[in-house]
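# Commentary on secondary and tertiary structure
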Amino acid sequence: MEAAVTAGQLRKQGNALFQAGDHAAALATYTQALSLCDAESERAVLHRNRAACYLKLEDYANAEADASKAIEADGRDMKALFRRSQALQKLGRLDQAISDLQRCVSLEPKNKAFQEALHTLGSSMHEKMKKMSCTDSKVDQMFQILLDPEEKDADKKQKAAQNLIVLAREEAGAEKIFQSDGVRLLTQLLDTAKADMMLAALRTLVGLCSGHCSRTTAILAELGAPRLSAVLGVEHEQVSLAACNLLQVMFDSLKEGMQKDFRGKEDAVVLDSSKDLKLLIKHLLELLALEGASAHGRDNALNLLIKVVPRKSPKEINNSLSLWVIDQGLKKILEVGSTVCGAQDSLPVTENSRMSASVLLSKLYSDLKCDAERENFHHLCEDYVKSWFEGHELAGKLRAIQTVSCLLQGPSEAGNRVLELEGIMDSVLSLCASVCEAHQLVAVEALIHAADKAKRASFITANGVSLLKEIYKHSERDSIRIRALVGLCKLGSAGGTDFSMKQFAEGSTMKLAKQCRKWLCNETIDAGTRRWAVEGLAYLTFDADVKEEFVEDKAAMQAMFHLAKSEDRSVLYAVASTLVNCTNSYDHEEPDPQMLELAKYAKQHIPEQHPKDKPDFVKRRVRKLLAAGVVSALACMVKSENPALTNSCRELISRVFLALVEEAEDRGGVVAQGGGKALIPLSLESTEVGQTKAAQALAKITITSNPEMAFPGERIYEVVRPLVSLLHLQRTGLENFEGLMALTNLAGISERLRQKILKEKAVPMIEGYMFEEHELIRLAATECMCNMAMSKEVQELFLAEGSDRLKLMVLYSGEEDEKLRRAASGTLAMLTALHPPICKRIPQVTAHWLEILQALLLSPNVELQHRGAVVVMNMMAAEREVAEQLIASEMLEILSVLAKEKDKPRVAQAAKESLAQAVAYGLIKPNPNQE
């Protein structure tokens, strides 16, 4: 009986909250009542009331579910029927909504509200049916215009194509095209071989396949994988790109089907999408080695394989797709990687093709889980290299050496293995002296890539340096000399940033750097060759003297930035590496003084920092890079969809951005040139270190800039997740602090941003840092919680049973640290104003609550006084019992004094309102002299 009474009381309380417009609180109260109620009739009423709350909160799915539960208990419950019809209408299920309204009218024919609602809904349904029949005729009309060979009006055809694409983006439109024999008609458009018609068909098919596994399966069956592969390989670049986009959408939908993550709109459950997935991949692999395929079609196929085949995360257990691709297509990928440009019967490739092949090979190798899988990969690579090296004379040897280069740039372990095969290194060295430029290019590039690997560096230093010097000094071809110079640069930078470990004689490094800058600025040399000058600088800029000269050469910097924006994306890593060196944004740990002493005693080598790598020099270099336009170059690099923009490359770019925003005065300029926008994708997709560096750069910008200006529109919501990632325990104290400061700024802007922070599960982490020993982190967390306390959900957390959140805030309001007191008392002022039940709880959390509030009111700091006065004012207004406790203490005397403080108007006003409330309760008599 007691439970029923309690449930009844809660229902009344919920009704009062609903009438007051606090629908979320009413919902919580009805839910609590349900947990205490067993009577079916009472439960039905509570479900009906919850449906009303959900309607107000625009949660129509739950509104429909709760109303249905009420109707199950009583089929004649008109309120529940009416509420369910409202929910169904919002969910787009108009026929069911009409059925419920018709039932309402039959139960109460004279109810005008029901009649009007039924009339309005009937009209909406009629309009929808009219629109659908109109859509049917429009779809037919559009296809008729597009497929009519007699139709000569190009504008009319273009408009019809655009309308079809737009229609396919909406689910209802996509389904209508699909049901109207649209796939067969779109196939006819593809088969016209006219670029504009093909583009219209491909873009419409994207809408049909997007997020819909069963439709994708049906479309793939109708079109056929060979036709899609053939379209991808056409010469027309835009058509090939559109086909690539369609295949990406198909892969995504099929993978969704494999995970059985079906959406409500699915009509059929596809039990196994893996066959379709493998069929598409099989044709992509065949396209790689197909002579008739275009160069950009081959690039697009490689890009798709990079995105689709390897696992997104090591947490995914199944790597069977990578194993299958290695068995079925590794040699086809190596066909692209081993292509020698200009050779007879070579495949058409772009300047990016071999780099894309290297990236794909690297990702496949990284996806392997055990030694047996890696050994199989090595054997397949070795067999392929041997097949070209043995019995194919010079052309075969060139293909074998080109394969070695491709592997060294990708899975270097596999590259080192094939480099050790008998005769390979000897052939590389002998071909370096070839009189044929094309042959010499292949050999010198292989030697350069081999010099990258520490395992081979000593051998090459002994055997290759003299050869490279000879080529550099005596070759008449710039294309060869520049590559030889890069090889020397790589070997010359073996000491890295260690000033005392230089390979070459004094001044040699500077001469090499000067020549690199000269070639970089020479626009008569092709971009592919000038790229090698950047490769050289990427190594030479380990030397601080080289960095200083480079940033003084504005023409060289701008030439490098121009290359970074060009179509040859293989230069990205070299540009990013050069910038990391110039900004000193690589990792460098300060040596332990004790370890230094031990090293000296043991006569071991001690790394030395170059005098020009000190902070003042770095700061000047950063300013010069900013003035030369580094931000727009980096932003352009980030936009690249090319495989050359690997996660390692993204990490380097993130490091540079973090160095660029180190000084607060530079941050506005970085944002204005697109830096803020570029950092968001870097913070979401990169190595873990890269994501953290980008997130920290975002935090620095958010702390000192107006976030709404720095990240306009929806972009501001994308910043939340990276900032929350800085709160993870494995991050440094500085990263935690900056993440909290940035989130504090965002939380103060809008409820929607606070909801986004809540959704990212940041509140428990913020709370955790409120217990941090470091005073600045503790303060930042408390300030962040102060702004988060404006959210209803956070306010409720302070009342949760067994929680010490409120106690901590009260105790922090009495701490010696003035900034911490200000943040905590501000939170209390906010909480007591927005959520009155908290006022009643404060006296229960600690015995020291009164002396803490009194100390705030007596503080010499006006801001603390005001916050304390507001808390007391809110507590006085909340409940008479609390007011009695306050007035019975010395608080009355303090308030009386503060009410007369004319030089502190805000404090005085709050004190007066507290005293007025005490008068209203009859706790004190009015003072006739009080204003």
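Values in this document were obtained by computation on a predicted structure and should not be read as measured data. (Residues numbered from 1 in each chain as written. Predicted model: local features only at pLDDT ≥ 70, side-chain atom pairs only at ≥ 80, totals over all residues. Heavy atoms only, no water.)

## Quick notes on the overall build of the chain
As a reminder, the rule being used: By the criteria applied, helices consist of DSSP H or I runs no shorter than four residues and strands consist of E runs no shorter than two, each listed in order from the N terminus. Per-residue accessibility, obtained with a 1.4 Å probe over protein chains only, is compared with the maximum for each type, and a residue is labelled buried under 20%, exposed over 50%, and partly exposed between these values. Two residues qualify as a contact provided that any one of their heavy atoms is within 4.5 Å of a heavy atom in the partner residue.
What the chain contains, in helices and strands, is 54 helices and 0 strands. Residues counted as buried form 53% of the 931 residues belonging to the chain. For the chain, restricting intrachain contacts to residue pairs at least 6 apart in sequence, the fraction spanning at least 24 positions comes to 68%.

## Some thoughts on the pattern of salt bridges
Where we set the bar: By salt bridge we mean one thing: a side-chain nitrogen of Lys or Arg within 4 Å of a carboxyl oxygen of Asp or Glu.
For the structure on display, the rule yields 40 salt bridges. Between R84 and D100 there is a salt bridge, and its shortest N-O distance comes to 2.7 Å. Of this pair, R84 sits in helix 5 (residues 78–90) while D100 sits in helix 6 (residues 94–107), and the two are 16 residues apart along the sequence. Measuring nitrogen to oxygen at the nearest pair gives 2.6 Å for the salt bridge that ties R184 to D181. Judged by relative accessible area, which is 36%, D181 ranks as partly exposed. Among the ionic contacts, a cluster of salt bridges with common partners joins E171, E175 and R215.

## What about the UniProt feature "repeat: TPR" (unreviewed entry) in the chain?
Here is the rule we go by: UniProt positions are given in the numbering used here, feature names are shortened, and annotations may be inferred rather than shown by experiment.
On the UniProt side, "repeat: TPR" (unreviewed entry) is annotated at positions that read residues 78–111 here. From the first C-alpha to the last, residues 78–111 spans 11 Å; its make-up is 79% helix and 0% strand.

## Here we look at the side chain of S686
The condition is simple: Any pair of nitrogen or oxygen atoms within 3.5 Å is treated as a polar contact; in protein, a donor-acceptor pairing is required on top of that, and neighbouring residues in sequence qualify only through side-chain atoms on both sides.
Here S686 shows up in the loop between helix 37 (675–684) and helix 38 (688–704). Of the polar contacts made by the side chain of S686, one reaches the backbone oxygen of N647; its length is 3.4 Å. Here E651 takes part through its backbone nitrogen, which lies 3.4 Å from a polar atom of the side chain of S686. Dropping the residues within four chain positions of it, S686 is found in contact with N647, R650, E651 and Q691.

## Brief notes about the environment of A789
For A789, the location among the structural elements is in the loop between helix 45 (775–788) and helix 46 (792–797). Separated by 45 residues in sequence, A789 and L834 have C-alpha atoms that sit 8.8 Å apart.

## A closer look at helix 18 (residues 353–366)
Using the following cut-off: To estimate the expected span of a helix, count its residues, drop one, and scale the result by 1.5 Å.
When the terminal C-alpha atoms of helix 18 are compared, their 20 Å separation across 14 residues agrees well with the 20 Å that a helix rising 1.5 Å per residue should span. Of all 14 residues making up helix 18, 10 are buried, and the element is well covered by its neighbours. Taken together, the buried positions of helix 18 are S353, M355, S356, A357, S358, V359, L360, L361, L364 and Y365.

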